[in-house]
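# Reading the structure
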Amino acid sequence: MTDGRLDLYRLPEESLRSIAAGDARVPELRLLRSAQRSHLLLVLRSLVDHSGVARARPPRVGAVASAESAWRLLAAVQRSDPGAVDAVLADPMVMAWAMRLLRRLRGVGRGAASSAAPLWADVGQLYALAAAAALRAGRDAVVGVPAHRGVVWVPGAGVVGPLSARRWSGAEVRVAAHGAVVRGEGGEVRLPRDLGESAPGWHPLPVLWDAAPWSGEPGAALCFDTVTPYRDFVVSPRAPARMAERRFGLWRERVAGACALLARESPADTVRLAALVRVLVPRAFAASTRGQVASSSSPDAFGAVTLSLPYDEAQMAATLVHETRHQQLNALLSLVPLVREPDGGGQGPLHYAPWRSDPRPVHGLLHGVFAFAGVTRFWRLHREFVTGDEARRADFEFAVFRDQVREVAAVLLAGAELTSAGRLFVEEIAGAAERWAKEDVMAEPARLAAHYCALRRAVWRARHLEFDGAVARRAAAARAAGEAAPPLPGSWLRPRPDAIRTDTFGHVVRLYLGAPDEFVRCWEKADAAGDAVIGAECAAVAGDAEGAARRYAAWAAAEPGDAEAWIGAVLAERGRSAAGELLLGRPEAVAAVRRAVAAEGVEPPGPLELAEWLRGAVAAPGGASGDSR
């Protein structure tokens, strides 16, 4: 597969700065892709070296030969038609399968025991690669391959079948001058000359967007994958999924619209998308309507993105920009260490990540700050092309993300976890965030963005920070005795995933700014149903302080242990007192003292009343902030 010569990848500082600033050029993009291809070739060679244990044959049709034989066939095709092999290896699911299998063969890592496939079938996918390459090159070959639920994987093209009713079986791919046939226990399928065309029993990966004009590569495309067995980043193999034609049409329309939007408003982002993302994998996510979108990339599947369907073209474009940033950073981290490995192993300290409800390690912060810097820039540019409700929404998104990026960049630079290259990388992001902070945003989107960021920060503290119980009990005793509040020490991190609630405030804001009529219906429906949570948030978003106060009070009465209710009430006030500031800054301390008062059998004071009493306390010397420990 190579000429035997090895070289090292070198990334100049200028290129590192260019990538960090979001300005990766074609040479940097080619370097990142080349490095990932080299990584994949090394993994494939290592699979062959470690696969001696896999010699079992499947019964009946299509006995799978040794891994070495598959490698030799793939190498032979490479020598005669390198483009055919390139097209196969460009399928992100090849790396997804290879990385899992390598961990399985070596018995290490998160993929060591995650595959439901018998070992002969997992290793046999090496022959699926060879068969797919021979098929593209038109090279005569007869290849035994595995079939999962009768479905044969043709990497880079699609799947064939079903050809068997059994969970695992063998099949045979026969390539000759007159065409290609795949034969299994239950029949055979003749493949079309053009693998992009559908045929009975043949299910190609449909193209959502022609990326060739932007990538500079003939045939480059953004495809949609609901069929290949390794498309899931968590569970493999997966059977093909059915999608209604109407639903698929919506995906195609939304992706095409988003790519056209990027081409108009941010051509450079379009080039990066075309160069780095090859496949979209749909996933279900109920909150995607006017709210969050579930999307992810994996370092094990360079070029693949899983995502739920965004609600419009702008959100789809922002999501594609976001995930393209993750692709860049995943590839970059394979070349340059940006984060120091923690002493003694483990993941190191955890931190507040504004875009997540759970505490995140430094690697997660780095990924988030780089990806959301790209999203911030997208909304900043989008503001220049839209008016009316869409402009208000874009201003809100820009204001939220610039605040969050600025905050996280400062946290990263204040710590000692970054390497020198990592500091340079984050400094570039921090510089951009400082420039964005000086830009004007419309008053109402700015108000809502500040509210939203403060809400997420305070709620995260209330959920995941622990206040000293003994100090809380002493405070409760002091209050009962009519004494001054004792000093408040710092808090420490105690992640509580059970306390996380799906964000609805952001959903309500986006309705209010982008779809006012829908917002009114949402508010009316919440009040009619007695939904104090959504009703309170709607009132707060609309600036109805009195209405918000009533509804937040009802929420707090129904769920007295939910700090989010009284955090929301403080944020909805027209003027914020010093007690309110303390409550937002140390909600976990206020909540702990209230619980201690209640434990004494006394009706606890309201959160604001208690915060007023506590605000006279002076932080204990040397107290930890608790933000990341």
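Residues numbered from 1 in each chain as written. Predicted model: local features only at pLDDT ≥ 70, side-chain atom pairs only at ≥ 80, totals over all residues. Heavy atoms only, no water.

### Notes on the overall build of the protein chain
The number of helices and strands found in the protein chain is 23 helices and 16 strands. For 629 residues, the compact-globule estimate of 2.2 N^0.38 gives 25 Å, and the C-alpha radius of gyration of the protein chain, at 28 Å, lies within 12% of that figure. In terms of its C-alpha atoms, the protein chain occupies a principal-axis envelope of roughly 90 × 55 × 50 Å. Out of the 629 residues in the protein chain, the part that is buried amounts to 56%. Nonlocal contacts in the protein chain, meaning residues at least 24 apart in sequence, comprise 70% of its contacts between residues at least 6 apart. As presented, the protein chain carries roughly 26700 Å² of accessible surface, and 52% of it is formed by carbon and sulfur atoms. In the protein chain, which carries 76 positive and 71 negative side-chain charges, the distance between the mean positions of the two groups comes to 6 Å. (Helix = DSSP H or I, 4+ residues; strand = E, 2+ residues; numbered from the N terminus. Rg over C-alpha atoms; globule rule 2.2 N^0.38 Å. Buried < 20%, exposed > 50% of the residue type's maximum accessible area, 1.4 Å probe, protein only. Contact = heavy atoms within 4.5 Å. Areas by Shrake-Rupley, 256 points an atom, 1.4 Å probe, with all protein chains shown as cover. Lys, Arg positive; Asp, Glu negative; His and termini not counted. Charge placed at Lys NZ, Arg CZ, Asp CG, Glu CD.)

### Looking at the packing of aromatic side chains
Remark: the centre distance and the inter-plane angle together describe each pair of aromatic rings, the angle taken between the planes. Evaluated as defined, the whole model comprises 13 aromatic pairs. Residues Phe 372 and Phe 401 carry aromatic rings whose centres are separated by 5.2 Å and whose planes lie at 25° to one another, so their mutual orientation is stacked. Of this pair, Phe 372 sits in helix α11 (residues 362-382) while Phe 401 sits in helix α12 (residues 388-414), and the two are 29 residues apart along the sequence. The pair formed by Phe 372 and Phe 401 is uniform in burial state, with each residue classed as buried. Relative to Trp 379, the ring of Phe 378 has its centre 5.0 Å away and its plane inclined at 70°; by these criteria the two rings are edge-to-face. For Phe 378, a relative accessible area of 2% gives the class buried. Accessibility expressed as a relative area gives 3% for Trp 379, which makes it buried. It is Arg 325 that lies over the ring of Phe 370; its NZ or CZ is 4.5 Å from the centre. Of note, Arg 479 hangs over the ring of Trp 613, and the distance from its end group to the ring centre comes to 5.7 Å. (Phe/Tyr/Trp six-rings, centres within 6.5 Å; stacked < 30°, edge-to-face > 60°. Lys NZ or Arg CZ within 6 Å of the ring centre and 35° of its normal.)

### Considering the pairing of strand β12 (residues 304-307)
Regular strands have side chains that alternate between both faces of the sheet. Burial along β12 is two-sided: Ala 304 and Thr 306 and Val 305 and Leu 307, pointing in opposite directions, are all buried. As defined by bridge partners, strand β10 (residues 279-282) adjoins β12 across 4 bridges and the pair is classed as parallel. Within β12, the position partnered with Leu 280 by the bridge is Val 305. As paired elements, strand β11 (residues 295-296) and β12 share 2 bridges and run antiparallel to each other. Across the sheet, residue Ser 295 finds its bridge partner in β12, namely Leu 307. (Pairing = 2+ DSSP bridges.)

### Observations regarding the nonpolar core
Formed by 204 residues in total, the largest nonpolar core has its most connected members in Leu 44, Trp 97, Leu 280, Leu 332, Phe 425 and Ile 567. Here the element with the most residues in this core is α12; it accounts for 11 residues. Among all residues touching Leu 44, those that are not within four sequence positions of it are Trp 71, Leu 89, Trp 97, Ala 98, Leu 126 and Leu 129. (Core = buried A, V, L, I, M, F, W, Y, C linked by side-chain atoms within 4.5 Å.)

### Focus on the sheet that holds strand β7 (residues 202-204)
The antiparallel open sheet is built from 3 strands, whose spatial order is β2-β3-β7. Lying at the two open borders of the sheet, with one neighbouring strand each, are β2 (152-154) and β7. Pairs of neighbouring strands in the sheet enclose a mean axial angle of 20°, with direction left out of account. The pairing of strand β3 (residues 158-160) with β7 spans 3 bridges and is classified as antiparallel. The residue of β7 that forms the bridge with Val 160 is Trp 202. (Axes fitted to C-alpha atoms, helices over the stretch in contact; angles between N-to-C directions.)

### Digging into the environment of Ala 477
Mapping Ala 477 onto the fold places it in helix α15 (residues 469-480). The spatial distance from the C-alpha of Ala 477 to the C-alpha of Cys 223 is 65 Å, given a sequence separation of 254 residues.

### Things to note about the pairing of strand β9 (residues 221-224)
Residues of β9 alternate between two faces, with Ala 221 and Cys 223 on one and Leu 222 and Phe 224 on the opposite face, all of them buried. For strand β8 (residues 207-210) and β9, the ladder comprises 3 bridges, and the chain directions are antiparallel. Within the sheet, the bridge partner assigned to Asp 210 lies in β9 and is Ala 221. Strand direction decides the pairing type here: β9 and β10, joined by 2 bridges, are parallel. Each residue of the ladder has a partner; that of Phe 224, found in β10, is Leu 280.

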